[in-house]
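# Architecture at a glance
Spelled out from the first residue to the last, the chains are:
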Amino acid sequence: ELLMGAGAALAASYYCTHATGDGCRCRKPEPGLILRAAAERGIDLTRSWMLGDSLTDIEAGRRAGCRARRIEPVGGALLAAAHEVLASPDARQVAS
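So, a few notes on the structure that sits alongside this text. Given the structure is predicted, the values throughout are model-derived calculations rather than measurements.

Attention now goes to the overall build of the protein chain. For the protein chain, the count of helices and strands is four helices and two strands. Walking the protein chain from its N terminus toward its C terminus, one meets helices and strands in the order α-β-α-β-α-α. The buried share among the 96 residues of the protein chain stands at 26%. Counting only contacts in the protein chain whose residues sit at least 6 apart along the sequence, the fraction spanning at least 24 positions is 36%.

Written as structure tokens, this is what we have:
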């Protein structure tokens, strides 16, 4: 609800059900789920951000071609970073 006020929407969610040692392409830091979401949802990854609280989040975003930013999930920092990204000139261009 908070991000919807800034123009963001949650259209789908994706998750990996494999164990860490399975060697799949969808478990972070592999970019498989990000690439799948981009293909299914028509997302331009060069104009996208991966916000995450772990190094594997950031690595997955970079491997997928996104800009990436690591945020400690305390005190609303992740939400504040999302608002900052949504307020950027790039986000405004995408929304228009």
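With that out of the way, let us pick up helix H1 (residues 32–41). Looking only at H1, the buried set comprises Gly 32, Leu 33, Ile 34, Ala 37 and Ala 38. On the buried face of H1, the contacting elements are strand E1 (49–52) and helix H2 (55–64). Taken from the residues just after H1, Gly 42 is the one with a positive phi, measuring 70°.

Structurally, the position occupied by Leu 33 is in helix H1. As a C-alpha pair, Leu 33 and Cys 16 span 17 residues in sequence and 7.7 Å in three-dimensional space. Once you skip the residues sitting within four places of it in the chain, Leu 33 turns out to touch Tyr 14, Tyr 15, Cys 16, Arg 25 and Cys 26.

The next point concerns the environment of Asp 57. Its place among the elements puts Asp 57 in helix H2. Here the alpha-carbon distance between Asp 57 and Arg 70, two residues 13 residues apart in the chain, equals 7.8 Å. The residues contacting Asp 57, other than those within four sequence positions of it, are Lys 28, Met 50 and Gly 52.

Conventions we followed
Residues numbered from 1 in each chain as written. Predicted model: local features only at pLDDT ≥ 70, side-chain atom pairs only at ≥ 80, totals over all residues. Heavy atoms only, no water. Helix = DSSP H or I, 4+ residues; strand = E, 2+ residues; numbered from the N terminus. Buried < 20%, exposed > 50% of the residue type's maximum accessible area, 1.4 Å probe, protein only. Contact = heavy atoms within 4.5 Å.

These values are about where atoms sit, not about what they do.
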